[in-house]
Amino acid sequence: MDTRETALLLFVEMEKTKNFGSSLIRDTLNKYDYEDPREKAFLKRLTEGTLESLLTLDYVINAYSKTPTNKMKPLIRSLLRLSVYQILYMDTVPDSAACNEAVRLAKKKGFERLSGFVNGVLRTITRNKEEILNSESGFWQELQKNPVQALSVRYSVPEWMISLWEAQYGEEKTEPMLERLKNGRPLTIRLDSRLTEEEKAQEIAAIEVAGVTVQKHRLYADAWNLEGCEGIGHLPGFAEGLFYAQDVSSMLAVEAAGISGGMMVMDLCSAPGGKTTLAARKAGSGKVICGDVSERKAALILENTDRMKCSNVSVNVWDASVFMEQYKESADVVLLDVPCSGLGVIGRKKEIRYRVTKEDLAALVTLQKKIVDACWQYVKPGGILLYSTCTLDVSENEEMVRYVTEKYPFEAESIDPFLPECLHSQQTKAGFLQLFLGEWDTDGFFMARLRRKK
Ligand SMILES: C[S@@+](CC[C@H](N)C(=O)[O-])C[C@H]1O[C@@H](n2cnc3c(N)ncnc32)[C@H](O)[C@@H]1O
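Residues numbered from 1 in each chain as written. Predicted model: local features only at pLDDT ≥ 70, side-chain atom pairs only at ≥ 80, totals over all residues.

An unreviewed UniProt entry annotates the chain as 16S rRNA (cytosine(967)-C(5))-methyltransferase originating from Gallintestinimicrobium propionicum. Turning to the chain, the UniProt record has this under Sequence similarities (unreviewed entry): "Belongs to the class I-like SAM-binding methyltransferase superfamily. RsmB/NOP family." What UniProt states about the chain under its Catalytic activity (unreviewed entry) heading is, verbatim, "cytidine(967) in 16S rRNA + S-adenosyl-L-methionine = 5-methylcytidine(967) in 16S rRNA + S-adenosyl-L-homocysteine + H(+)". (UniProt positions renumbered as here; feature names shortened; annotations may be inferred.)

Listed below in structure tokens is the structure:
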């Protein structure tokens, strides 16, 4: 494999399809499964690192290029981004190799005419590398005049997102979140609660033997963080359904619903089925009626409920924004894990920060309202509506709770009885919880516990 060429073609493809996706990177890596592991590791680091640093890289390139990156040909833009990432952040790559390889690829891809330009920009960046890598140097001085832009370039997060968080949650919450973003998020699993303590210990030991480092999560007894794990599919116990990969915030949301044995639960936006599988265990002899908007999504839920051997679940294809009369006032608990902007998971899905725009937020709120308008009616009088999102945006979170409680017969009630004590606050007493990205070793996540008045 020509690793750099593979990375380049991948980035050009991302630009063409406007799909800046870690899934595209994963697919490419899978395609080269048979390759030398060192080449694969190089490809992974180069592509993931470049994707994660796009805004930083563009700022550096633009400082030394007459043509700004947004006016460049897509192939040249991608080539420069990937090469500057190697020069600045990959110590194992000699600067000269990064430059020479870029020139070779420019020529090979039919851009002979621009190879001199590529060479010039990269050599200049190489000469100024020390200054660029020193955040106190003159290179960054001009940028400091605009604090939001400075954060945006430093953490490669769009300015609008930073401004939104600063306005909604304050600077003191925003910058630490951006800082924690740099570490990414670990993979977390939830052991099946049906296992005995001894079986759980055996499963954890088996995962360790497979070369993965495990650490118990501080907020949830059955949750473990895995490190050094490239995909969970091959881990012992996966196929047998002994665990489910899930962020702890999602586990807490199901806890907050207070589901107990015999209950009838509806999970309206449920693919790939993470909350469904936990709700199913808690409902025991009761049942979970769940669904999602397409056949493909429903198939994903089925795959997971089958693997986790959840026999008390029925899976449907439905549009949650359309009211279904047959379920009126039938559920003890309704889980509404609505489609959202996903800003709380940008540590995991790095591309979300480039894909979501500020304009998307309003459209999402409209959809969330339509879903709520239909689904509140499934809750029995006295039952619970658990509203949740994996985002950090007041309009999709607190304001949606206000929408529900003002328009429909619901009131928020304390979630403290369902949460570890360290999370208790005025906010959780009032019935909702905003988890900030990484603050408690979870994704950014919001949940609200709303009881239907009798
Ligand atoms: C946040 S995800 C759900 C995650 C899931 N609850 C879990 O824990 O694994 C939101 C889901 O809403 C689904 N969705 C979007 N629009 C929908 C609609 N109109 N009706 C039903 N589901 C919808 C999406 O397909 C997506 O799977």
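This part takes up the environment of Asn-312. As for its placement among the helices and strands, Asn-312 is situated in the loop between α16 (295-307) and β7 (313-317). Between the C-alpha atom of Asn-312 and that of Ala-283, which follows or precedes it by 29 residues, the distance is 8.2 Å. If we skip the residues at most four places from it in the chain, Asn-312 touches Ala-280, Ala-283, Gly-286, Lys-287 and Val-288. (Helix = DSSP H or I, 4+ residues; strand = E, 2+ residues; numbered from the N terminus. Contact = placed C-beta atoms within 7 Å.)

Right, let's get into the UniProt feature "binding site: S-adenosyl-L-methionine" (unreviewed entry) in the chain. According to UniProt, the positions carrying the feature "binding site: S-adenosyl-L-methionine" (unreviewed entry) are Cys-269, Ser-270, Ala-271, Pro-272, Gly-273, Gly-274, Lys-275, Asp-292, Asp-319 and Asp-337. Dropping the residues within four chain positions of it, Gly-274 is found in contact with Tyr-244, Gln-246 and Ser-250. Relative to the helices and strands, Asp-337 is located in strand β8 (residues 331-337). Overall, Asp-337 belongs to the buried group, with 23 C-beta atoms counted inside 10 Å. Dropping the residues within four chain positions of it, Asp-337 is found in contact with Cys-269, Lys-275 and Ser-388. (Buried ≥ 20, exposed ≤ 12 C-beta atoms within 10 Å, placed from the backbone.)

Right, let's talk about the site of the ligand for a bit. Within the structure, the ligand sits among 17 residues, and Cys-269, Ala-271, Gly-274, Ala-320 and Asp-337 are positioned closest to it. Residue classes in the shell around the ligand are distributed as seven nonpolar, five polar and five charged. (Near = placed C-beta within 6 Å. Nonpolar A, V, L, I, M, F, W, Y, C, P; charged D, E, K, R; others polar.)

Let us now look at the UniProt feature "domain: SAM-dependent MTase RsmB/NOP-type" (unreviewed entry) in the chain. The feature "domain: SAM-dependent MTase RsmB/NOP-type" (unreviewed entry), as given by UniProt, occupies residues 177-453 in the numbering adopted here. Here residues 177-453 is 31% helix and 23% strand, with 37 Å between the C-alpha atoms at its ends.

What follows covers the packing of helix α5 (residues 74-89) against helix α7 (residues 115-127). Relative orientation of the contacting elements α5 and α7 amounts to 25°, with a least axis distance of 11 Å. Taken together, the axes of α5 and α7 lie roughly parallel to each other. Considering the relative orientation of α5 and α7, their crossing is right-handed. On α7, the residues touching Ile-76, Leu-79, Leu-80, Ser-83, Val-84 and Ile-87 of α5 are Val-118, Val-121, Leu-122, Ile-125 and Thr-126. Residue classes in the contact of α5 with α7 are distributed as nine nonpolar, two polar and no charged. (Axes fitted to C-alpha atoms, helices over the stretch in contact; angles between N-to-C directions. Parallel < 35°, antiparallel > 145°, perpendicular 65-115°, else oblique. Left-handed = near helix turned anticlockwise from the far one by under 90°.)

Moving on, we get to the pairing of strand β12 (residues 445-452). For β12, the buried fraction is high: seven of the eight residues fall into the buried class. With six bridges connecting them, strand β9 (residues 379-389) and β12 associate as antiparallel partners. Along β12, the bridge assignment pairs Leu-386 with Arg-449. Of the pairings in the sheet, the one linking strand β10 (residues 410-412) to β12 comprises three bridges and is antiparallel in character. (Pairing = 2+ DSSP bridges.)

You can read the domains of the chain as domain 1 (3-145), domain 2 (187-245) and domain 3 (250-452). Each of domain 2 and domain 3 was reduced to a C-alpha centroid, and the two centroids are 24 Å apart. Contacts between the two partners involve 11 residues from domain 2 and, on the opposite side, 12 residues from domain 3. Residue classes in the side of domain 2 that touches domain 3 are distributed as four nonpolar, three polar and four charged. (Domains from an automatic or database assignment.)

As a further point, take the packing of helix α1 (residues 3-17) against helix α3 (residues 37-52). Orientation of α1 relative to α3, taken along the N-to-C sense of each, is 35°, at an axis distance of 10 Å. When the axes of α1 and α3 are compared, the crossing they make is right-handed. Across the interface between the two elements, Thr-3, Thr-6, Ala-7 and Leu-10 from α1 touch Glu-39, Phe-42, Leu-43, Leu-46 and Thr-47 from α3. Of the residues in the contact of α1 with α3, the class split is five nonpolar, three polar and one charged.

Among the nonpolar cores identified, the biggest contains 87 residues, and Val-265, Val-333, Val-334, Leu-336, Leu-385 and Leu-386 are the most heavily contacted of them. Here the element with the most residues in this core is helix α14 (residues 248-257); it accounts for seven residues. The residue makeup of this core includes at least three contributed by each of domain 2 (187-245) and domain 3 (250-452). Residues Leu-10, Phe-42, Ile-132 and Val-153 belong to the second largest nonpolar core, which totals 37 residues. (Core = buried A, V, L, I, M, F, W, Y, C linked by C-beta atoms within 7 Å.)

If you walk across this open sheet you meet the four strands as β2-β3-β1-β4, and the pairing is antiparallel. Strands at the two margins of the open sheet, each flanked by one partner only, are β2 (213-216) and β4 (243-245). Averaged over neighbouring strand pairs, the angle between their axes works out to 30° when direction is ignored. Where β2 meets strand β3 (residues 223-227), four bridges bridge the pair, whose relative direction is antiparallel. For Thr-213, the partnering residue across the bridge sits in β3 and is Glu-227. Of the strands in this sheet, β1 (187-191), β2, β3 and β4 touch helix α13 (residues 197-209), which is tilted by about 145° from β2.

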